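Analysis of the macromolecular model
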Amino acid sequence: MASQLALLFVRQLKVPVILTDIDQERIDKGVGYVHAEIDKLQGKKRLSPDAANRLKALVSGSLDKAAFARTDWVIEAVFENFDVKKKVFAELEEFVSPETILATNTSSLSITRMAADLKHPERVVGFHFFNPVAVLPLLEIVRGDKTDDVTLATAFATAKSLKKSAVLIADKPGFVFNRLLTRALGEVMNAIDEGTPFDVADNAISELGMPMSPLTLLSLVGPAVALHTGETMAEYYPERFHDSPGLQAMVANKKSAVWTYGADGAKTVDPEIADLWPQGDSPSTSEQVLDRTRRAFAEEIDIMLQEGVVAAAQDIDLCLILGGGFGFWNGGIVPYLDRTGTSEAVTGHRFLDKGVASV
Ligand code: 3HC
């Protein structure tokens, strides 16, 4: 993720970018990735040889945090653990100026808590990207309790310079995209835990319009990140977010994908996954999986709007469409839930007035 961010920043802002990591080998790998991607862009004739050389010269790596002394902006994308992230920011504060923005690409952790023990918590802001970073236009910008206006304004200006579309989100677990994705993925994985065949569960929600099936997306996000986000959500909202024993088994066994693909492109469940994923004997039908996932979306969106996670229902659609290409031809998930009667059945009301974003 950090390498993808480095590529974006250098390409769009054309400023010096320094990568750091826990050892030189990882740093070299990161810088090597950025250089190779720039070479690919040159190969596609999207960059001239001179421009490619200039960009490559702007990207360097350093094991020593003193290299960040004169930076204006630092973004961390380290392991999703409060202690690790807090330690990284505390170390950086020893070197950077009090005005340097400290941005975090955390998937779900509280910005307020991450900033709490710093000398200057007012310069910490959530700046959450979506994978693949080069393709997906969303940036969730998250304001912590102490984030000041200068930091927030700088974050929005930077997002614009990076050619991303930013949405302001309250500092609530999982923000928008990951909270809803985790809820939906949870319904699909729990259906498998209960005994639903993998293909039935994974294909059941295709009419919601996600460009990738849930289990394919799981591989893109990474099972460890998905499990961690799920655990964070379950800590705050145990009544609605439940760990999946199958996902836990995948992570424990370092498995990254459920599906394997034959030479003809046909997909089958990796036999090792089929063995290690514990399944009960209460399978759901495809209709039941779709129904429970739709209901989960409606319930969660309603709670998010009550909590003030975003200003309006339309922001939810903006996040899902720009963060993961979610059913844009439906106008997003919210009009879909209204149109299918799910919103009213679950919450007693529509999210949008009749006629708004209808087909
Ligand atoms: N990295 C960089 N570029 C990529 C890429 C990748 N992994 N995958 C595809 N691309 C580029 C291709 O090079 C191509 O670029 P070009 O037009 O300049 O040549 C362009 O994307 C389109 O490629 P394809 O035609 O092969 O791809 P598709 O049209 O099938 O789209 C997709 C691929 C963009 C990945 C699409 O399937 C998608 O949007 N999937 C949903 C992904 C999603 O939901 N992401 C969010 C995950 S949650 C998250 O990241 C938050 C974190 O906190 C966990």
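Now for a look at the structure at hand. Note that this is a predicted model, so its numbers are computed, not measured.

Per the stated rule, a full pass over the model turns up nine aromatic pairs. Ring centres 5.3 Å apart and planes at 80° place the aromatic pair Phe198 and Trp277 in the edge-to-face group. A residue pair is termed long-range when its members are at least 10 positions apart, and Phe198 in helix α8 (residues 198–203) and Trp277 in the loop between α12 (271–276) and α13 (286–307) qualify at 79 residues. The buried category is assigned to Phe198, whose relative accessible area is 6%. According to the relative accessible area criterion, Trp277 is buried, its value standing at 2%. Summarising the aromatic geometry, the rings of Phe297 and Phe326 are spaced 5.9 Å apart at their centres and angled 75° between planes, so their arrangement reads as edge-to-face. One end of the pair, Phe297, is in helix α13; the other, Phe326, is in the loop between α14 (313–324) and α15 (333–339), and 29 residues separate them in sequence. The class for Phe297 is buried, based on a relative accessible area of 1%. For Phe326, a relative accessible area of 3% puts it in the buried group. Joined through ring pairs, the aromatic side chains of Phe9, Trp73, Phe127 and Phe129 make up one cluster.

What follows concerns the site of the ligand. Residues in close proximity to the ligand total 19 residues, the closest being Arg46, Ser107, His128, Asn131 and Asn178. Between the ligand and the protein, one listed contact pairs an oxygen atom with a side-chain N or O atom of Ser107 at 3.0 Å. At 2.7 Å, a side-chain N or O of His128 approaches an oxygen atom of the ligand. The protein chains hide 58% of the 1,100 Å² of surface that the ligand would expose on its own. Mapped onto the shell around the ligand, the elements with two or more residues apiece are α7 (177–194), α9 (214–221) and α14. Examining the composition of the shell around the ligand, we find that three residues originate from one element, α9, more than from any other. Grouping the amino acids of the shell around the ligand by side-chain chemistry returns 11 nonpolar, six polar and two charged.

Together, Val78, Phe79 and Val84 give the surface a local cluster of nonpolar side chains, amounting to about 250 Å² of exposed area. By the secondary structure assignment, Val84 is in helix α4 (residues 82–93). Using a relative accessible area of 33% as the deciding quantity, one classes Val84 as partly exposed.

An order of β3-β4-β5-β6-β7 is seen for the five strands of this open sheet, with the pairing classed as mixed. Edge positions in the open sheet fall to β3 (73–76) and β7 (165–170), since each of these has one partner strand only. Taking each pair of neighbouring strands and ignoring which way they run, the sheet shows an average axis angle of 30°. Bridge count between β3 and strand β4 (residues 101–104): four bridges; the pairing is parallel. Note that in β4 the partner of Val74 across the bridge is Leu102. Relative to the sheet, α14 contacts β6 (138–143) and β7, its axis offset from that of β7 by approximately 130°.

For the rest of this paragraph, the subject is the packing of helix α2 (residues 24–43) against helix α3 (residues 49–58). Here α2 crosses α3 at 170°, and the two axes come no closer than 10 Å. The orientation of α2 with respect to α3, classified from their angle, is roughly antiparallel. Between α2 and α3, the residues in contact are His35, Ile38, Asp39 and Gln42 and Pro49, Ala52, Leu55 and Lys56, respectively. Here the contact of α2 with α3 is composed, by residue class, of four nonpolar, two polar and two charged.

Close contact between α7 and helix α10 (residues 223–236) brings their axes to 10 Å; oriented N to C, the two are set at 95°. By the angle class used here, α7 and α10 are roughly perpendicular. Judged by residue contacts, Asn178, Arg179 and Thr182 of α7 engage Thr229, Gly230 and Met233 from α10.

Our next topic: the pattern of salt bridges. Under the defined criterion, the tally for this structure stands at 24 salt bridges. Two residues, Lys65 and Glu91, come together in a salt bridge whose shortest N-O distance is 3.3 Å. Here Glu91 lies in helix α4 and Lys65 lies in the loop between β2 (59–61) and β3, a separation of 26 residues in the sequence. Salt bridges here are not isolated pairs; linked through shared partners, they connect Arg179, Arg183, Glu187, Glu194, Glu239, Arg240, Arg292, Glu299, Glu300 and Glu307.

Before going further, it helps to spend a moment on unusual backbone geometry. A cis amide bond, omega -5°, links Asn131 with the succeeding residue Pro132. Secondary-structure assignment places Pro132 in the loop between β5 (124–128) and β6. Phi at Lys163 is positive, roughly 65°, even though this residue is not glycine. Note that Lys163 resides in the loop between α6 (149–161) and β7. You can call Lys163 exposed: its relative accessible area is 63%.

Scoring rules and cut-offs
- Residues numbered from 1 in each chain as written.
- Predicted model: local features only at pLDDT ≥ 70, side-chain atom pairs only at ≥ 80, totals over all residues.
- Heavy atoms only, no water.
- Phe/Tyr/Trp six-rings, centres within 6.5 Å; stacked < 30°, edge-to-face > 60°.
- Helix = DSSP H or I, 4+ residues; strand = E, 2+ residues; numbered from the N terminus.
- Buried < 20%, exposed > 50% of the residue type's maximum accessible area, 1.4 Å probe, protein only.
- Near = heavy atom within 4 Å.
- Polar contact = N/O pair within 3.5 Å; in protein donor to acceptor, adjacent residues only side chain to side chain.
- Areas by Shrake-Rupley, 256 points an atom, 1.4 Å probe, with all protein chains shown as cover.
- Nonpolar A, V, L, I, M, F, W, Y, C, P; charged D, E, K, R; others polar.
- Patch = residues over 30% accessible without salt bridge, like charges linked within 9 Å, V, L, I, M, F, W, Y side chains within 5 Å.
- Salt bridge = Lys/Arg side-chain N within 4 Å of Asp/Glu carboxyl O.
- Pairing = 2+ DSSP bridges.
- Axes fitted to C-alpha atoms, helices over the stretch in contact; angles between N-to-C directions.
- Contact = heavy atoms within 4.5 Å.
- Parallel < 35°, antiparallel > 145°, perpendicular 65-115°, else oblique.

By themselves, these figures tell us nothing about what the structure is for.
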